[in-house]
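Structural overview for review
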Amino acid sequence: MMMRLALLLLAIFARSCSAFVGRCATSSSSVSICLNAEPLESGSKVVVCTGPTCRRTGGKRALAIFEELAPSIGVTVENVSCVSECAECGLGPNVEVRLLGDDGPFYPIKNGIKTEDDVKGVLGIACE
């Protein structure tokens, strides 16, 4: 009984610590924009997971894209072996977003960040 309760709580926590990733879409005027993406403030930080599962699904490539784009808006980029304290490895590559002034201890984790458009969605940069 206790094990079932623990698994249920873990599942609920895993869903609640995930955050929606703004995705890019093409408008009728052929201009791509990122939908539902709040621009990150200068001084914010993104932590890209490069653990085994995230690395296999594109974490290293996502890290390179973040390192290319984030400095232009004042966002720092770090990488770590695993950001998924809430068991989201299978949803990766995962990126933890630490907003300026947010002291944690839990930060939103964006899942499935694989492409340049995904990275732009996390950063709040307009897609081209």
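Small disclaimer: the values here were computed from a predicted structure and weren't measured. (Residues numbered from 1 in each chain as written. Predicted model: local features only at pLDDT ≥ 70, side-chain atom pairs only at ≥ 80, totals over all residues. Heavy atoms only, no water.)

**Description of the nonpolar core**
Counting 16 residues, the largest nonpolar core has V46, F66, V119 and L123 as the members making the most contacts within it. If you list the elements that add at least two residues to this core, you get β4 (45–49), α3 (59–69), β6 (95–98) and α4 (116–123). Broken down by element, the residue count for this core peaks at four residues, all from α3. In this view, V46 contacts L40, F66, V75, T76, V77, E78, V95, E96, V97, V122 and L123; residues no more than four positions away in its chain are not counted. (Core = buried A, V, L, I, M, F, W, Y, C linked by side-chain atoms within 4.5 Å. Buried < 20%, exposed > 50% of the residue type's maximum accessible area, 1.4 Å probe, protein only. Helix = DSSP H or I, 4+ residues; strand = E, 2+ residues; numbered from the N terminus. Contact = heavy atoms within 4.5 Å.)

**Concerning α3**
Within α3, the full set of buried residues consists of G59, A62, L63, I65, F66 and L69. Seen from one end, α3 has its buried residues packed into an arc of 165°, which puts them on one side. Turned more than 90 degrees off the buried face of α3, the exposed positions are R61 and E68. Buried residues belonging to α3 abut β4, α2 (52–56), β5 (76–80), β6 and α4. (Arc of directions from axis to C-beta.)

**Some details on the side chain of N111**
Secondary-structure assignment places N111 in the loop between β7 (109–110) and α4. In terms of polar contacts, N111 uses its side chain to reach the side chain of E88, at 2.6 Å. Within the local environment of N111, its side chain forms a polar contact with the side chain of N94, the two groups lying 2.7 Å apart. (Polar contact = N/O pair within 3.5 Å; in protein donor to acceptor, adjacent residues only side chain to side chain.)

**Some details on α4**
Among the eight residues that make up α4, six are buried, leaving the element largely enclosed by the rest of the structure. The set of residues buried in α4 consists of D118, V119, K120, G121, V122 and L123.

**Regarding the pattern of salt bridges**
Note that side chains of opposite charge can pair when their charged atoms are close. As enumerated under the stated definition, the model contains three salt bridges in all. Ionic pairing is found between R98 and E96, a salt bridge with its closest N-O pair at 2.7 Å. Overall, the relative accessible area of 27% leaves R98 in the partly exposed class. Note that K120 is salt-bridged to E116, the shortest N-O span being 3.2 Å. Here the residue K120 and the residue E116 both occupy positions in helix α4, the gap between them amounting to four residues, near one helical turn. Under the relative-accessibility criterion, K120 is labelled buried at 5%. A relative accessible area of 36% places E116 in the partly exposed class. (Salt bridge = Lys/Arg side-chain N within 4 Å of Asp/Glu carboxyl O.)

**Focus on the confidence of the model for the protein chain**
Parts of the model with low pLDDT should not have their predicted coordinates read in detail. Counting all residues, the mean pLDDT for the protein chain is 76, and 67% of those residues have values of 70 or more. Ranking the elements of the protein chain by mean pLDDT puts strand β1 (residues 18–19) last, at 37, and α3 first, at 96. Every residue in residues 5–33 scores below 50 in pLDDT, and together they form 46 contacts with partners more than four places removed in sequence or on other chains. (pLDDT = per-residue confidence, 0-100.)

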